[in-house]
Structure formats: structure tokens, C-alpha cells
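Take a look at the letters that make up each chain.
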Amino acid sequence: MPRVKETPLLPVEDVREAALFFVVGALCFLAALAALSAKSTYGAAKSWTAEVQGELTVSLPAADRRGADDAAKIIRQIDGVREVRVFSKEEIDALLEPNFGNRGLPDSLPLPQLVAVKADPAAPDMGPTITRKLTEAGIASAVDEHADWAGDVRRVLAIARMTAMIAVALLVSTAVAVIAFATHAALLARRDIVDVLHLAGARDRFIAGLFERRFWVLGLRAGSVGALMALGAAAIMIFAVQAHGGRSGLLPELSLDFFDLVILVITPVIAGFAARLAARITVIRALKGVM
């Protein structure tokens, strides 16, 4: 005996849900991008600050190349110093190029000599120690510890990360509100079906389950589309950055790692659960209030 295909209680297709699908997909796309930005911001702060820990730059305003070499010898004798290197004229010109062009400054204008120092990050008071040793040797200097700048970068990136997380929370809340509104509208549009189910003895939980499954699938599908769009946007950004040099400012080289993929995978799951929860709460409250 052939199995009779059951007719669903709710219509399979609804034109009004197409707009909801687009809105939820767009919100999931934006939320995934914001989450990826928050994660990469944390990675950027951690990677960049780890690179500059223990690094210092010593500026010698009144020294020539020979004086810079003498200062480098003194710095090498300090406990905790791992590497000392005197900048060449070409390297100093390269540092000035963004502000003064490729011609640099006139040769008649004296430039300070720069000494790059790499020290043990655990060494205490390395900047004051270098300044004191050079002063005792009669060498005027100004020591710039990169860790001071790293602290500022960490604070700025922490604010950016918090902003991205707030954006994710707002987008999720907006998606839940939109789904709740759409669920209530769908419930009102199918009031006749709900009345028949009530007359047949169906409980509120059963009716809510119909809408839960409906919007659970819609959330999964829309979230999957949004996650795929976010993946495509991230891939385009990575390709564009790598095509123009691979690095951008203080940020490390962009890439999609395991945790980025986890964010993209859980995006449709979260969208599905949010849609299901919004539908359940909306339907139960509407039925208890006699719609």
C-alpha cells in the first residue's frame, strides 16, 4: 500500500518570508563580519605587542656615525641587552620618506643617529638604565621604549574590539526583534488555521512548535547564506591585502584560521536558535493573549 504524503499544516511557501529571509541573512552577514573583526583585532593587538616587547630606539642628537658606534658598544655591555644595531643613512632616509619624500632632507641639515636595541622583555627599567649609562659616558641621548606605544595600541584595539562585540549584540537583538514581528504577523495571517487546530484540541505548545520549526529552518538557511557571504568578503579582503604587499599598518598578515571558520560555522546555528526562540515566545504570548 503506497504511503500517503502528509500535507503540512502551514503553507510550504510564503512570499512574505522572502523579505524576512533577506533581512536575517544580511544581519547574519554583518554580525559574522563584526565577530571576525573583533577576533582579528584581538589577534592583531596580541601579535603586534609581542613583537615590540623589549624593543627600544636610542636617538643621539649630537653624535656622528663614530659616536653612534661608541654608544652601541656601551649599550651592548648592559645586562639584558640581546642585540644592538646602528641605523644606516639609507634606513633613516627610508623612515623620513613618508613625510619628506624620496629625496629626504638636505645633507646640510644634521640628523640624529638612531640605535635599535633588542632587550630581554623581563629586564626591568631598561630605558632608564641605557640613559644613565650613556649619560655617564658623556653621550646625550633620548630613549624611546616601544612598549609604551604598545600599551596605547592595546587600549585602542580593546575599544575597537568592544565596539565590534556591541555591534554583534545589537545585530543579534535586531534579528530577534524582526523575527518576532514577522512571527506575530504570520500568526495573525493564519488565524483561521490556528482556530481550527484549537477546535481539534491542539495545545498551544503544538501550535508554537509548528512556527518554531518553520523559523528554525529559515534562520539556518539565512544564517548559512550570511556566513558564506562573510567568508567571501573576508577572502576578497585577504586577497586584496596580499596583492598590495601582504601587510597593512600595524595589523599582522590577514588569514582565515580555525577559529575564524568556527565563527562562520556557528553563525547559522545561532541564527536558527534565535529564530526558534523568538518564534516560540511570540506565539505562546500571542495565544495566551487570544492573539
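Overview of the structure.

Parameters and conventions
Residues numbered from 1 in each chain as written. Predicted model: local features only at pLDDT ≥ 70, side-chain atom pairs only at ≥ 80, totals over all residues. Heavy atoms only, no water. Buried < 20%, exposed > 50% of the residue type's maximum accessible area, 1.4 Å probe, protein only. Helix = DSSP H or I, 4+ residues; strand = E, 2+ residues; numbered from the N terminus. Arc of directions from axis to C-beta. Core = buried A, V, L, I, M, F, W, Y, C linked by side-chain atoms within 4.5 Å. Contact = heavy atoms within 4.5 Å. Salt bridge = Lys/Arg side-chain N within 4 Å of Asp/Glu carboxyl O. Patch = residues over 30% accessible without salt bridge, like charges linked within 9 Å, V, L, I, M, F, W, Y side chains within 5 Å. Areas by Shrake-Rupley, 256 points an atom, 1.4 Å probe, with all protein chains shown as cover. Phe/Tyr/Trp six-rings, centres within 6.5 Å; stacked < 30°, edge-to-face > 60°. Pairing = 2+ DSSP bridges.

This part is about helix α4 (residues 126-136). The complete set of buried residues in α4 reads M126, G127, T129, I130 and L134. Down the axis of α4, the smallest arc covering the buried residues is 165°, so these residues share one side. Exposed and oriented more than 90 degrees from the buried face of α4 are T135 and E136.

Our next topic: the nonpolar core. Within soluble globular proteins, side chains that are nonpolar generally end up buried alongside one another. Ranked by size, the top nonpolar core spans 23 residues in total, and within it L20, V24, I179, I207, F211 and F215 carry the most contacts. Mapped by element, the contributors of at least two residues to this core are α1 (16-52), α5 (146-189), α6 (191-199), α7 (204-243) and α8 (258-288). Residue contacts for F215: discarding those within four places in its chain leaves E17, L20, I179, A182, T183, A186, A275 and A279. Counting residues in each nonpolar core, the second largest holds 19 residues, with A68, A71, A72 and V86 among its members.

Within this structure, the stated rule accounts for four salt bridges. E136 is the salt-bridge partner of R132, the closest N and O atoms lying 3.6 Å from each other. Highlighted residues: R132 and E136, both in helix α4, separated by four residues, approximately one helical turn. By relative accessible area, which is 57% here, E136 ends up exposed. Linked by salt bridges that have partners in common, E212, R276 and R280 make up one network.

Taken together, V265, I266, V269, I270 and F273 make up a surface patch of nonpolar side chains, about 440 Å² in accessible area. Take F273: it is sitting in helix α8.

This next bit is on the packing of aromatic side chains. Per the stated rule, a full pass over the model turns up two aromatic pairs. Measuring from centroid to centroid gives 5.6 Å for F258 and F259, while their planes differ by 75°, and the two rings are edge-to-face. As far as the burial class goes, F258 and F259 line up, both exposed.

Taken across its six residues, strand β1 (residues 55-60) has five buried, putting it largely inside the fold. In this structure, β1 lies alongside strand β3 (residues 113-119), joined through six bridges in antiparallel fashion. What sits directly across from T57, in β3, is A116. Where β1 lies against strand β4 (residues 142-145), four bridges are found, and the strand directions are antiparallel. The residue of β4 that forms the bridge with V58 is V143.

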